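One letter stands for each residue in the lines below.
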Amino acid sequence: MEFLNLVLILVGAFLVLKKPEQERVAFRMLIVSTLLMVLLFTVATHTGLLPGVNF
Amino acid sequence: MMAPGATDSSVKREPVFTLVALAVLVLTVIPVGTAVFWLGFVRGDSPCVMCWEQRMGMILISLVGLFVLRFGPKPKYVGMAVLIACWGMFMGLRHVGMHAARDVGQGFSLEIMGAHTYTWAFFIYWVCAFAMGLLLLMTRPAHLASGVRTLRRLERFAFVAFMVVVAGNVVQAFASTGPPPFMGQSDPIRFSFNPAHWHWSAEEWKPSKWALRGRWAVDKPDLAQVPTDPAKSPLGALPALTVTARRPLGLALDGAPTDLAYLALPADPAAAQPAVDGTGQFLLTTAAGVYLTDASLSKIRRHTIVDVGYSVDLGRFAGAAFLDNGELIAVGENKSYVVLKPNDKANADSNFQYFLESRDQFDEVSRSRFGTVRARLLYIMSAAYDRASNSVYTLTVPNNVAKRLVVSRFDRRDLTLSEEFVPTLAKDAGLALAKDRSLGEFVVTGAVVADGQLFAVSAAYSAVLVLDLATHRITAAYTIPGLVRPTGIAVKNDSFYIVGDDGTLTVVRRPMPATAAPRDSTLR
């Protein structure tokens, strides 16, 4: 999944650089990548969502 | 040459864009570029799944920077960058939290300048948020004009550097984590360009219980939930001790009793606190109260209410014992403790910070916390002092996460962990655990040391366990008829004195060891 996310980011950066008229598409890809990052981190830590320290 | 729709106003040559380009370069090249090209490709480090997402957040903030260079600092870009930085700081804190309490130098995977990579992640995200605040201060309304900016050389370089670094990450991600649905791993293996060494895993997708605090979500002890039926003990039916008296305490305490200790007239007055009025005395605790009574437990001689919330959080007192040098200790369920010394001339004003009542009765000697290893993440409800080893003992109680009976010994001289063990049954004790049962089911709420043995009273199954401190084995176990939710035990002469949370005092004839006579000078 990290591979997919990095490909999305790479394509997004390419659009910003070479096809700035696709700004909205690039921005949506940025949002999708961000949500994917949040999802993957949450999946990886769902057995203890908060920092594992003494509260 | 300008891109389609591009604008080239002079305001877009403002230093703010130069700083954004430099920020993108720094964030891309130093942490992310170093991680992939140096740590990854050269040193063979593979990020764990959490490191991957922290790295991803940095890349995404850099990408937002590229948006700003191209389209200006639109609020939606700044908003995204702030959100990602906030999430990144949380990820860093979550990751650091897994390792923050380890010993010096310990951690996960590689270090950079003496700190492990996840520690840097938290710091980098903090710097990102700080830098964004500065850049916002430099932003003027004219910068928000819509249109596509023409990139200058430095800004184009930032784009190229970003794409090279991300491309490197694409390669590493494919080798380390694989295509979807595979994702990063908790314990990734060393990076290699050789496909024979690639390990793709979907382990993280496997369903398991969701929780906020995981193994740290430990419930505090609650005696109301403890099973009391002796017939259901893990050790089966146990011999009963003889109850010789049972009565209400009848003392004006500020709450339910939480522990009990007895100090007899010392054989050597120089070695222990001289007994008041030439007789022994009992020590009683409540959640925050400390009481000294006469030898018959009928009259309070002095007391105080400790400010348990001052400085070290003492929680709720659950264990108490007389120490040497005329001092006594009260230990909270959270293994935090306070050492007190009775003093008829205590200065009430200087003791204001320590006590809520009777500030002229005691002095506070020290207040700190017991550190444990095996007993970590387990509460305790007992404390005992062993004069022979000059040590304080505590025993754990089971909780919703773990059921382990762990005995911890703290040397009196520095009150630091000196021994820790999980007791087992003595082979010749004639005791056996029922199938799938364990000693960890006992809820030890009181303990006392006498004649080299530790006697532990359990609120669960109304039992008393006899632990040989030399062999770490349970040598005998008994039940006490009619005992309900005991919270403390003391030895006086040939009897156990046991208090319950309902204020009942039960006196029980103590089983005598075969080789030793009872000692009236017992301390606990």
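S.K.: What is the right way to look at the overall build of chain A in this model?
M.R.: Regarding its fold elements, chain A presents two helices and zero strands. For chain A, whose C-alpha radius of gyration is 15 Å, the value lies well above the compact-globule estimate of 10 Å for 55 residues. Counting every position in chain A, which comprises 55 residues, the buried fraction comes to 44%.

S.K.: Please clarify how the interface of chain B and chain A should be interpreted in this entry.
M.R.: Much of the literature gives interface size as the accessible area that the parts lose upon coming together. Tallying the contact residues gives 55 residues for chain B and 34 residues for chain A. When contributions to the side of chain B that touches chain A are tallied by element, the ones reaching two or more residues are helix 2 (49–71), helix 3 (75–99) and helix 5 (153–176) of chain B. Residue contributions to the side of chain B that touches chain A peak at 14 residues, all from helix 2 of chain B. Of the residues assigned to the side of chain B that touches chain A, the class counts are 39 nonpolar, nine polar and seven charged.

S.K.: How should I be thinking about unusual backbone geometry in this particular structure?
M.R.: Excluding glycine, most residues fall at negative phi; most peptide bonds, likewise, are trans. All names here are of chain B. Cis geometry is adopted by the peptide bond preceding Pro 181, which originates at Pro 180 and carries an omega value of 10 degrees. Positive phi is not limited to glycine here, since Leu 415 has a value of about 50 degrees. Along the chain, Leu 415 falls in the loop between strand 17 (407–411) and strand 18 (416–421). Overall, Leu 415 belongs to the partly exposed group, with 19 C-beta atoms counted inside 10 Å. The backbone of Asn 493 shows a phi angle near 55 degrees, a positive value even though the residue is not glycine. Considering the arrangement of structural elements, one finds Asn 493 in the loop between strand 24 (486–492) and strand 25 (495–500).

S.K.: What am I meant to see in the nonpolar core here?
M.R.: Side chains that are nonpolar tend, in soluble globular proteins, to be buried together. One finds B:Ala261, B:Ala321, B:Ile329, B:Val444, B:Ala447, B:Ala456 and B:Val464 to be the most contacted residues of the largest nonpolar core, which totals 88 residues. Residues within four places of B:Val464 in sequence aside, it is in contact with B:Leu241, B:Phe455, B:Ala456, B:Val457, B:Ala477, B:Tyr478 and B:Ile480. One finds A:Met29, B:Ile61, B:Val96 and B:Phe159 within the second-largest nonpolar core, a separate group that totals 69 residues.

S.K.: Would you mind going over the packing of helix 2 (residues 23–44) of chain A against helix 2 of chain B with me for this structure?
M.R.: Packed helices, taken two at a time, are described by the angle their axes make and the gap between the axes. The contact between helix 2 of chain A and helix 2 of chain B brings their axes to 10 Å, and the two run at 165 degrees. Relative to helix 2 of chain B, the element helix 2 of chain A is oriented roughly antiparallel. In the packing of helix 2 of chain A onto helix 2 of chain B, the handedness of the crossing is left-handed. Residues A:Glu23, A:Leu30, A:Ser33, A:Thr34, A:Met37, A:Leu40, A:Phe41 and A:Ala44 of helix 2 of chain A form the contact with helix 2 of chain B, whose own contacting residues are B:Val49, B:Met50, B:Glu53, B:Met56, B:Gly57, B:Leu60, B:Leu63, B:Val64 and B:Phe71. Looking at side-chain class alone, the contact of helix 2 of chain A with helix 2 of chain B contains twelve nonpolar, three polar and two charged residues.

S.K.: In this structure, what is going on with the pairing of strand 23 (residues 473–479) of chain B? I would like to understand it.
M.R.: Across a regular strand the side chains alternate sides, sitting on one face of the sheet and then on the other. Residues and elements named next belong to chain B. Where strand 19 (residues 424–425) lies against strand 23, two bridges are found, and the strand directions are parallel. Following the sheet pairing, Leu 425 is matched in strand 23 by Ile 474. Bridge count for strand 22 (residues 463–468) against strand 23 is six bridges, and the pairing is antiparallel. Bridging from a neighbouring strand, Asp 468 pairs with Arg 473 of strand 23. The turn joining strand 22 and strand 23, which pair antiparallel and follow one another in sequence, is formed by four residues; a positive phi near 65 degrees is taken by His 472.

S.K.: Can you walk me through the packing of helix 1 (residues 2–18) of chain A against helix 2 of chain A in this structure?
M.R.: All names here are of chain A. Axis separation between helix 1 and helix 2 bottoms out at 9 Å; the angle between their running directions is 160 degrees. When the axes of helix 1 and helix 2 are compared, the pair comes out roughly antiparallel. For the pair helix 1 and helix 2, the crossing hand works out as left-handed. Residues Asn 5, Leu 8, Ile 9, Val 11, Gly 12, Leu 15 and Val 16 of helix 1 form the contact with helix 2, whose participating residues are Val 25, Ala 26, Met 29, Leu 30, Val 32, Ser 33, Leu 36 and Met 37.

S.K.: Any chance you could explain the pairing of strand 20 (residues 444–450) of chain B here in plain terms?
M.R.: Residues and elements named next belong to chain B. For strand 20, the tally of buried residues reaches seven of seven residues, placing the bulk of the element in the interior. One ladder, built from six bridges, connects strand 20 with strand 21 (residues 453–458); its direction is antiparallel. Within the sheet, the bridge partner assigned to Val 448 lies in strand 21 and is Phe 455. Linking strand 20 to strand 21, which pair antiparallel, is a turn of two residues; within it Asp 451 sits at a positive phi near 55 degrees.

S.K.: So what exactly am I meant to see when it comes to the confidence of the model for chain B here?
M.R.: Detailed reading of the predicted coordinates is not advisable wherever pLDDT is low. Residue and element names in this part refer to chain B. Confidence along chain B averages 90 in pLDDT terms, with 93% of residues attaining 70 or more. Note that residues 1–12 has pLDDT below 50 and, in this model, 21 contacts with residues that lie over four places away or in other chains. Low pLDDT (under 50) marks residues 516–524, which in the prediction has 29 contacts with non-local residues, meaning those over four places away or in another chain. Predicted as a complex, the structure gets a pTM of 0.85 and an ipTM equal to 0.96.

S.K.: Explain the sheet that holds strand 24 of chain B here, please?
M.R.: One key point about sheets: their strands pair by backbone hydrogen bonds, in either a parallel or an antiparallel sense. All names here are of chain B. The sheet built from four strands is open, its strands ordered 5-26-25-24 with antiparallel pairing. Pairing within the sheet leaves two strands with one partner each, and these edge strands are strand 5 (243–248) and strand 24. Sheet twist, expressed as the average angle between the axes of neighbouring strands with direction ignored, equals 20 degrees.

S.K.: What is the right way to read the sheet that holds strand 14 (residues 362–369) of chain B from this model?
M.R.: All names here are of chain B. The strand order across the open sheet built from four strands is 10-11-12-14, with neighbouring strands paired in antiparallel fashion. Looking along the sheet, the strands with just one partner apiece sit at the ends: strand 10 (317–322) and strand 14. For this sheet, the mean inter-axis angle between neighbouring strands, taken without regard to orientation, is 20 degrees. With seven bridges joining them, strand 12 (residues 336–342) and strand 14 adopt antiparallel strand pairing. Within the sheet, the bridge partner assigned to Val 339 lies in strand 14 and is Ser 366.

What counts, and where the lines are drawn
- Residues numbered from 1 in each chain as written.
- Chains lettered and ligands numbered in written order.
- Predicted model: local features only at pLDDT ≥ 70, side-chain atom pairs only at ≥ 80, totals over all residues.
- Helix = DSSP H or I, 4+ residues; strand = E, 2+ residues; numbered from the N terminus.
- Rg over C-alpha atoms; globule rule 2.2 N^0.38 Å.
- Buried ≥ 20, exposed ≤ 12 C-beta atoms within 10 Å, placed from the backbone.
- Contact = placed C-beta atoms within 7 Å.
- Nonpolar A, V, L, I, M, F, W, Y, C, P; charged D, E, K, R; others polar.
- Core = buried A, V, L, I, M, F, W, Y, C linked by C-beta atoms within 7 Å.
- Axes fitted to C-alpha atoms, helices over the stretch in contact; angles between N-to-C directions.
- Parallel < 35°, antiparallel > 145°, perpendicular 65-115°, else oblique.
- Left-handed = near helix turned anticlockwise from the far one by under 90°.
- Pairing = 2+ DSSP bridges.
- pLDDT = per-residue confidence, 0-100.

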